[in-house]
Protein chains: 2
Amino acid sequence: MVGIVIVSHSAKIAEGIKELALQMAPEHKGIVCAGGMEDGSIGTDAVQVAKAIQQANDGDGVVILADLGSGIMSAETAMELLEGEEIRAVLADAPLVEGCMAAVVKSAYGAKMDEVLESTERTREVTKTNRGKA
Amino acid sequence: MVGIVIVSHSAKIAEGIKELALQMAPEHKGIVCAGGMEDGSIGTDAVQVAKAIQQANDGDGVVILADLGSGIMSAETAMELLEGEEIRAVLADAPLVEGCMAAVVKSAYGAKMDEVLESTERTREVTKTNRGKA
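Residues numbered from 1 in each chain as written. Chains lettered and ligands numbered in written order. Predicted model: local features only at pLDDT ≥ 70, side-chain atom pairs only at ≥ 80, totals over all residues. Heavy atoms only, no water.

Caption draft 1: Up close: the packing of helix α2 (residues 46-56) of chain B against helix α3 (residues 70-81) of chain B. Residues and elements named next belong to chain B. α3 packs onto α2 with a crossing angle of 60° between their chain directions and a minimal axis gap of 8 Å. Taken together, the axes of α2 and α3 lie oblique to each other. Read as a crossing pair, α2 and α3 show a hand that is right-handed. Counting all contacts with α2, which are made through A46, V47, V49, A50 and I53, the residues of α3 involved are S74, A75, T77, A78, M79 and L81. For the contact of α2 with α3, a count of residues per class yields nine nonpolar, two polar and no charged. (Axes fitted to C-alpha atoms, helices over the stretch in contact; angles between N-to-C directions. Helix = DSSP H or I, 4+ residues; strand = E, 2+ residues; numbered from the N terminus. Parallel < 35°, antiparallel > 145°, perpendicular 65-115°, else oblique. Left-handed = near helix turned anticlockwise from the far one by under 90°. Contact = heavy atoms within 4.5 Å. Nonpolar A, V, L, I, M, F, W, Y, C, P; charged D, E, K, R; others polar.)

What follows is the structure, encoded as structure tokens:
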């Protein structure tokens, strides 16, 4: 099953997203949080993200969702740290919460990496209001 | 100052977002969470959202960020519940975490409702990867 890594500056955000995702796909074993710093403060840590990717990977690859700014940079650094290893890890170009829900549901159904990534990134196009519509 | 309401199925997600937002704008007094159900379980509650909007409003209006699905519906219902009141509350068409950070920073600088909403919704266009770029 494709693994999912949730990178956020806040441990609470990452844990909350995992909690919500597990409501949608209770049997998913590959959702791993990388939220906040080791001491619980706000921030992101590339080494923690790299460990989360290793943990989430069962051989089918890992989709990474990151919040913003240095969260994205930590995800990129983590992928570089793992370059020697046989893990296909890709940072999704998608909103953190919305993208993660799509990633988890799609991967829980057994979809392959590219399909999971496509569903995840399609959440960019979802609108939340009907302003501007006829 | 424009108020911000964070609607999520998960109390942890909403609280984490507020925590992160307060790092960016520690002086912001108008960030209010409406996450999870009253008993702490996963879900959203339109009455709780309506109360959060009232609490966030100091007369300059309120931008609402919601996660997905029934979170969006609860936000819409909350706005209907408040229809008789003199509160301008608008649901942003923006990703929850990313949009909220923009909303909080912009409102903390004293921007008016329309500017806050525009900055918030512009986060839809932010990309997180450089795939596909030259």
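Caption draft 2: α3(B), seen in detail. Residues and elements named next belong to chain B. With 12 residues, α3 ought to run about 16 Å at 1.5 Å a step, and its terminal C-alpha atoms sit 16 Å apart, in line with that. Where α3 is concerned, the buried positions are G71, I72, S74, A75 and A78. For α3, the arc enclosing every buried residue in end-on projection is 160°, short of the 170-degree limit, so these residues lie on one face. With respect to the buried face of α3, the exposed residues turned more than 90 degrees away are M73 and E80. Among the structural elements, β1 (3-8), α2, β3 (62-66) and β4 (89-91) are those in contact with the buried residues of α3. (Expected span 1.5 Å × (residues − 1). Buried < 20%, exposed > 50% of the residue type's maximum accessible area, 1.4 Å probe, protein only. Arc of directions from axis to C-beta.)

Caption draft 3: Region of interest: the sheet that holds strand β4 (residues 89-91) of chain A. Residues and elements named next belong to chain A. Reading across from one edge, β2-β1-β3-β4 is the order of the four strands in this open sheet, with parallel pairing throughout. The sheet terminates laterally at β2 (31-35) and β4, the two strands that pair on one side only. Taking each pair of neighbouring strands and ignoring which way they run, the sheet shows an average axis angle of 20°. As paired elements, strand β3 (residues 62-66) and β4 share three bridges and run parallel to each other. For V63, the partnering residue across the bridge sits in β4 and is V90. Against the sheet, helix α5 (residues 113-122) touches β3 and β4, its axis set at about 20° to β3. (Pairing = 2+ DSSP bridges.)

Caption draft 4: Quick peek at the sheet that holds β4(B). All names here are of chain B. A sheet is described by the order of its strands in space; here four strands give the open sequence β2-β1-β3-β4, paired in parallel fashion. Looking at the sheet topology across the chains shown, the edges are occupied by β2 (31-35) and β4. Each strand axis lies, on average, 20° off the axis of its neighbour in the sheet, ignoring direction. Sheet analysis places β1 next to β3, joined by five bridges and oriented parallel. Within the sheet, the bridge partner assigned to V7 lies in β3 and is A66.

Caption draft 5: Focus on the relation of the copies chain A and chain B. If you rotate chain A by 180° and push it 0.0 Å along the axis, it lands on chain B with an RMSD of 0.0 Å. Such a combination of rotation and displacement between the chain copies is what one expects of a two-fold axis. Among all residues of chain A, the one whose C-alpha sits closest to the rotation axis is I13(A), at a distance of 2.2 Å. In this assembly, 97% of the residues forming the interface of chain A have copies in chain B that are likewise at the interface, indicating an isologous arrangement. (Least-squares fit on C-alpha atoms with pLDDT ≥ 70 in both.)

Caption draft 6: Layout of the side chain of T129(A). Mapped onto the secondary structure, T129(A) falls in the segment after α5. Discounting residues that sit within four places of it in the chain, T129(A) has contacts with L91(B), A92(B) and D93(B).

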